[in-house]
Amino acid sequence: MAHSSWFAVRQALAPRRRFVLSLMSFGLPLLIWCLVSYVPGIWHPMIKITDPGSASYFSDGMLLNKDLFYKEQIRLEKEGKAPPQGIPANPVYLPTPGAVATAFYTAFTTPPQRRDEKWLYQSLGDSISVIFLGFLISSLIAIPLGILAGTFDLFSRLTEPFVEFFRYLPAPAFGALAVAILGINEAPKIAIIVIGTFFQQVLVVANTTRKIDASLLEAAMTLGANRLHLLFRVVIPGMLPDLFRDVRVLLGWAWTYLIVAEMIGASSGITWFITQQARYKNFDNVYAAIMMIGFIGITTDLLLAWLSRRIFPWQRGIKA
Amino acid sequence: MNVNVTDSPGQAPSYLDQTEAVSARFDRLKKRPVVLEVKGLGKTFDSSQGPVTALKDINFKVHQREFVCVIGPSGCGKSTLIRILAGLEQASGGAVLLDGKPVDGPGPDRGMVFQGYTLFPWLTVKKNVMFGLQVSGRSGLPEQEALQWIDLVGLSKFANHYPHQLSGGMKQRVAIARALANQPRILLMDEPFGALDAQTQARMQSHLMEIWKNIDITIVFITHDLDEAIYLADRILVLKAHPGEVQEIIEVPVPQPRSPDHLETPEFIATKKHIESLIHPKSLDEEEGEHLNMMRMVHVDDAVGDIF
Ligand SMILES: Nc1ncnc2c1ncn2[C@@H]1O[C@H](COP(=O)(O)OP(=O)(O)OP(=O)(O)O)[C@@H](O)[C@H]1O
Ligand SMILES: [Mg+2]
């Protein structure tokens, strides 16, 4: 086993190798980012002015196209005036990892510019509460409905055709309607998350429910199980681990609807912060905020995965 | 014990020849109450190619504590038959009577062991065996009872294991315990040992015989393995295919209780020959020209030109 191939089909690598590879999956993109940011020879299509010289419209710290800079430099040299000085730089939309890391920290320590604005951690809290409430409301209805639709044809026929239709309607289209009905604060935002998640969730849960092995149901029936037993003692316990996985995937989708949700009514939350910072061209803040979402996402996902392993010990040997 | 009734020297014994002891046992067996009666049973499936008759006019009786094997070529409707007995499939015609009452749908009075492993993966061995006791709401201590049944199949040490931690043979033993825990009138088994290796299969057979001897249970057992059928059964129901009909009901002349030593007795061999001729009639094979269209697929100058 020690010398098994790195490319064995459908076989898990040794734990050490897997760990190293997992680190690399984060390390490699970071390495590329660092190379592009800190090694002057790689990319750097712009020039950052360190000394404007006698170029009247250059100023210190300005970012310029290389062509433009060299043309101006040659022109001024020919005329015998002081040429501008500069160093190669990347466009403003690609800040260095260091700058982003700093922004990550300062975003939490910098007070808001205006008194009625919120601190970043407050915006983040608002976003999490919108996602959480939206996803909770959606799940509370969609999961039972999906299980019923996956178990009883009656519910499947009664709901799924409409759900299939509705899930093609873009959730953002309901923004104005949601504001008109629910006001401008949290409620319409939560509604958008619910609309975005609910219909997919019903279908996904119904399909997961249908994956339960029919022979398990038959075995239960020959043991004397009635319909309620089948539902509560076979279908639901049998599908729970898969349901957990669905919830993890769908929670990721809910975050994509957050962008739209936070644009409507009174703008707020982390995505509003991102939009605003992009407008001011504070791209280090933009990246920092995007990464915060990423960290929250992966943390909840790991937490759910860990929880799933704890509550479903019987899944360990089955591994999909 | 092996006294042949026919006394024609030089001729191989027939499967119909029974020693007095065996014959007397069959007389007693047929006087026992009938647990299961199948009358004029038929089943037609509607497939996209039109109706398929899987079973046609099946008639037989199973007596209390009898062990009946059903054997027949692949596709003759063995699974369909046992699924109808279990109530998992609706018959197109005829009736299935359990203790004289027609069966309607699956119920705990007919336990079933499937060919595939159908243990609930989220329940431990103990909880799997307790399942039937709990859903049928029987009084008593389900846990104590379950442990007794687990002990009967020799898996006490594994009571708290999950199914994925067990071997195939162990899983089927749990499935048997789970079915028996309900104390059904009849135990239906659809090729339960078909997926096991030969040694495990032999051990499971002895195990099943042991259980059958010790508790009040009537068994209908489906198999495609001749040795298994003759080794286990009091009587063998031989089905033929297209449509599935009863070809013959054979009283196995091998004396009970059985042991692996019986596999080489003349009765055993005679019975096996007879069933073989029923299931794979020689003349038919030749008529239908059942041979493979083989081409020579090695080069003439291949390093190994001829393997003989
Ligand atoms: N749901 C179905 N729809 C249509 N035809 C079916 C269906 N189930 C079984 N059949 C047909 O009924 C016949 C009997 O099938 P069955 O599974 O009972 O055979 P079997 O004797 O158990 O075969 P095997 O030994 O291979 O398990 C086959 O010809 C099969 O094609
Ligand atoms: Mg079958």
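For the structure itself, look to the data block above.
Every residue gets a number counted from 1 within its own chain, in the order that chain's sequence is written. Working convention: letters from A go to chains and numbers from 1 go to ligands, in the order in which they are written. Local features in a predicted model are, by the rule used here, given only for residues with pLDDT of at least 70; side-chain atom pairs are given and counted only at 80 or more, and totals for whole chains, interfaces and linings are based on all residues. Based on all heavy atoms of the structure, the side-chain values leave hydrogens and waters out of the count.

1. Considerations on the packing of aromatic side chains
1) Next: In this analysis, rings of Phe, Tyr and Trp, with Trp reduced to its six-membered ring, are considered paired at centre separations within 6.5 Å, and the interplanar angle assigns stacked below 30 degrees, edge-to-face beyond 60, and tilted for intermediate values. Under the definition given, this model contains 21 aromatic pairs over all chains.
2) Next: Seen in terms of ring centroids, Phe-104 of chain A and Phe-108 of chain A are 6.2 Å apart; in terms of plane orientation they differ by 50°. Their pairing is tilted. You can see Phe-104 of chain A and its partner Phe-108 of chain A sitting in helix 3 (residues 97-109), four residues apart, about one turn around the helix.
3) Next: The class of Phe-104 of chain A is partly exposed, set by a relative accessible area of 25%.
4) Next: What links up through ring pairs into an aromatic cluster is the set Phe-162, Phe-165, Phe-166, Phe-174, Phe-198 and Phe-199 of chain A.
5) Next: A cation over a ring is seen here: Arg-17 of chain A above Trp-6 of chain A, with NZ or CZ 4.1 Å from the ring centre.
6) Next: Note that Arg-178 of chain B overlies the ring of Phe-120 of chain B, its terminal NZ or CZ placed 4.9 Å from the centroid. Under the DSSP-based scheme used, a helix requires at least four consecutive residues in state H or I and a strand at least two consecutive residues in state E, with every element numbered from the N terminus. Each residue gets one of three labels from its accessible area relative to the maximum for its type: buried under 20%, exposed over 50%, partly exposed in between, using a 1.4 Å probe on protein chains only. In this scheme, the term charge over a ring applies when either NZ of a lysine or CZ of an arginine sits within 6 Å of the ring centre and within 35 degrees of the ring normal.

2. A closer look at the environment of Ala-214 of chain A
1) Next: On the secondary structure map, Ala-214 of chain A appears in helix 8 (residues 214-222).
2) Next: Note: C-alpha distance between Ala-214 of chain A and Glu-117 of chain A (97 residues apart in sequence) is 57 Å.

3. A closer look at the site of ligand 1
Residue and element names in this part refer to chain B.
1) Next: Here a residue is considered near a molecule or strand provided that any single heavy atom belonging to it is located within 4 Å of it. In the vicinity of ligand 1, the contacting residues are Phe-45, Ala-54, Ser-74, Gly-75, Cys-76, Gly-77, Lys-78, Ser-79, Thr-80 and Glu-191.
2) Next: Here a polar contact means two N or O atoms within 3.5 Å. Within protein one must be a hydrogen donor candidate and the other an acceptor candidate, and residues neighboring in sequence count only if both atoms are side-chain atoms. With respect to ligand 1, the backbone of Gly-77 contributes an N or O atom lying 3.0 Å from an oxygen atom.
3) Next: For ligand 1, the protein covers 61% of the area, taking 640 Å² as the surface of the free molecule.
4) Next: Considering each element in turn, the shell around ligand 1 owes the most residues, three residues, to helix 2 (residues 78-86).
5) Next: Here the shell around ligand 1 is composed, by residue class, of three nonpolar, five polar and two charged. Each accessible area value is a Shrake-Rupley result obtained with a 1.4 Å probe; residue values ignore everything except the protein chains displayed when judging cover. Polar here means any residue other than Ala, Val, Leu, Ile, Met, Phe, Trp, Tyr, Cys and Pro, which are nonpolar, and Asp, Glu, Lys and Arg, which are charged; Gly is therefore polar.

4. Quick look at the packing of helix 4 (residues 142-152) of chain B against helix 5 (residues 168-181) of chain B
Residue and element names in this part refer to chain B.
1) Next: Running from N to C, helix 4 and helix 5 point in directions that differ by 135°, and their axes come no closer than 9 Å. One element, helix 4, and the other, helix 5, form an angle in the oblique class. Note that helix 4 runs across helix 5; the crossing there is right-handed. Contacts from Glu-145, Trp-149 and Leu-152 in helix 4 reach Ala-177, Leu-180 and Ala-181 in helix 5.
2) Next: Partitioning the contact of helix 4 with helix 5 into residue classes produces five nonpolar, no polar and one charged. To define axes, lines are fitted to C-alpha atoms, for helices over the stretch in contact only, and angles between the resulting N-to-C directions are given on a 0 to 180 degree scale. Should an angle lie under 35 degrees it is considered roughly parallel, over 145 roughly antiparallel, and from 65 to 115 roughly perpendicular; all remaining angles are considered oblique. Helix crossings fall into two classes, left-handed where the near helix is turned counterclockwise from the far one by less than a right angle and right-handed where it is turned clockwise. Contacts: residue pairs with any heavy atoms within 4.5 Å of one another.

5. Focus: the nonpolar core
1) Next: We define the nonpolar core as a collection of buried residues of types Ala, Val, Leu, Ile, Met, Phe, Trp, Tyr and Cys that are connected through side-chain atoms lying within 4.5 Å of one another. The biggest cluster of nonpolar side chains holds 53 residues, and the ones touching the most others in it are Ile-176, Ile-219, Phe-221, Ile-236 and Ile-275 of chain B.
2) Next: By residue number, the principal contributor to this core is helix 5 of chain B, which donates eight residues.
3) Next: For Ile-275 of chain B, the residues in contact, after removing those within four places along its chain, are Ile-71, Leu-226, Ile-230, Ile-236, Val-238 and Ile-250 of chain B.
4) Next: Listed in part, the 48 residues of the second largest apolar core include Leu-94, Val-130, Ala-191 and Leu-243 of chain A.

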